[in-house]
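Residue-level listing of the chains:
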Amino acid sequence: MEKRTGLFAGDDPFEIARRWLAEAEPAEVNDPNAIALSTVDADGLPNARMVLLKEIEADAFVFYTNYESAKAQELDGAGKAAFVMHWKSLRRQVRARGLITREDGPQADAYYASRSLKSRLGAWASAQSRPLSSRTALLAEVAKITASKGPNPPRPPFWGGYRLRPLEIELWADGDFRLHDRFQWRRDSPDTPWSVTRLNP
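Scope of this entry: the structure provided in the associated data block. What you see is a predicted model; the values in this text were computed from it and never measured.

Before going further, it helps to examine unusual backbone geometry. One non-glycine residue, Arg-91, lies in positive phi territory at about 60°. Along the polypeptide, Arg-91 turns up in the loop between strand E4 (80-87) and strand E5 (92-103). A positive phi is found at Arg-178, a non-glycine position, where the angle reads about 65°. Structurally, Arg-178 is set in the loop between strand E6 (159-173) and strand E7 (181-186). Classification of Arg-178 by relative accessible area gives exposed; the value is 67%.

Below, the structure written as structure tokens:
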């Protein structure tokens with residue numbers, strides 16, 4: 001097997017992804033942790049949207065959302081998802097697809113508590129993905145929640161995290177003449193070893 005050096009040095013794809021994200025933080029103007037998250041609905045129709053990746057764990061990727069949103073219904077329904085994280089400034093990307101579980105415990109509580117007060121109140125006020133009559137109505141709901149929940153609102157029971165444990169991770173870096181470098185980590189289950197393959201551009 002070809003020895004990976006430079007950008008791809010290392011045997012742990014999560015560690016490489018963390019390193020790349022750290023390198024992107026000073027280079028990307030906005031949201032270097034943005035990912036395009038893909039799901040499918042009950043009919044198998046794909047859906048995609050941008051969300052913020054909040055943690056790269058030892059063996060998983062974690063993000064947060066409203067559990068009553070269309071996104072969450074699709075995540076819960078399929079139990080699988082995929083994402084791509086692309087840094088235009090670095091000309092690199094990370095792709096992952098795998099199994100989904102909820103992060104609905106102390107870790108979710110801690111992340112929620114770390115958000116700004118306005119963001120915490122907004123999580124209570126927004127019926128994410130569902131019809132909204134007007135922005136005025138949304139702001140009125142925020143004011144109502146602010147009055148009722150006070151300065152230290154608890155995490156809403158309908159809001160929390162998801163953990164994606166990948167069965168595939170692909171690390172991609174731009175190459176001259178579109179001869180890009182691509183390495184794919186694959187495993188049969190989250191508890192089995194990775195196999196690594198260089199892919200054609």
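Picking up after the structure, the text goes on.
What follows covers the packing of aromatic side chains. Following the criterion strictly, the structure yields 13 aromatic pairs and no others. When the centroid spacing of 5.0 Å and the interplanar angle of 80° are considered together, the rings of Phe-61 and Phe-83 count as edge-to-face. With Phe-61 in strand E3 (residues 61-66) and Phe-83 in strand E4, the pair connects residues that are 22 residues apart, well separated along the chain. For Phe-61, a relative accessible area of 0% translates into the label buried. For the pair Tyr-111 and Trp-159, a centre-to-centre distance of 6.1 Å together with 15° between the ring planes defines the contact as stacked. On the criterion of sequence distance, the pair formed by Tyr-111 in helix H3 (residues 106-114) and Trp-159 in strand E6 is long-range, its members being 48 residues apart. Neither residue differs from the other here; Tyr-111 and Trp-159 are each classed as buried. One aromatic cluster is present, built from ring pairs that chain together Phe-8, Trp-20, Trp-87 and Phe-183. If you follow Arg-102 out to its NZ or CZ, it ends over the ring of Tyr-67, 3.7 Å from the centre. In this arrangement the basic side chain of Lys-149 is found over the ring face of Trp-124, its NZ or CZ atom lying 3.9 Å from the centre.

Take the nonpolar core next. The tendency in soluble globular proteins is for nonpolar side chains to be buried as a group. Counting residues in hydrophobic clusters, the biggest one holds 31 residues, and the most contacted among them are Phe-61, Phe-83, Met-85, Val-94, Ile-169 and Leu-171. When residues in this core are grouped by element, the largest group, six residues, is from helix H1 (residues 13-24). Counting 12 residues, the second-largest nonpolar core is a separate cluster that includes Val-62, Tyr-111, Tyr-112 and Phe-158.

Quick look at the environment of Arg-97 now. Tracing the sequence through the fold places Arg-97 in strand E5. What makes Arg-97 partly exposed here is its relative accessible area of 48%. As for Arg-97 and Leu-164, which are separated by 67 residues in sequence, their C-alpha atoms are 7.6 Å apart. When near neighbours in sequence (up to four residues on either side) are disregarded, Arg-97 contacts Ala-81, Ala-82, Leu-164, Pro-166, Leu-167 and Glu-168. Polar contacts involving the side chain of Arg-97 include one to the side chain of Glu-168, which spans 3.0 Å.

About the cut-offs
Residues numbered from 1 in each chain as written. Predicted model: local features only at pLDDT ≥ 70, side-chain atom pairs only at ≥ 80, totals over all residues. Heavy atoms only, no water. Helix = DSSP H or I, 4+ residues; strand = E, 2+ residues; numbered from the N terminus. Buried < 20%, exposed > 50% of the residue type's maximum accessible area, 1.4 Å probe, protein only. Phe/Tyr/Trp six-rings, centres within 6.5 Å; stacked < 30°, edge-to-face > 60°. Lys NZ or Arg CZ within 6 Å of the ring centre and 35° of its normal. Core = buried A, V, L, I, M, F, W, Y, C linked by side-chain atoms within 4.5 Å. Contact = heavy atoms within 4.5 Å. Polar contact = N/O pair within 3.5 Å; in protein donor to acceptor, adjacent residues only side chain to side chain.

No statement about biological role is implied by the geometric values presented.
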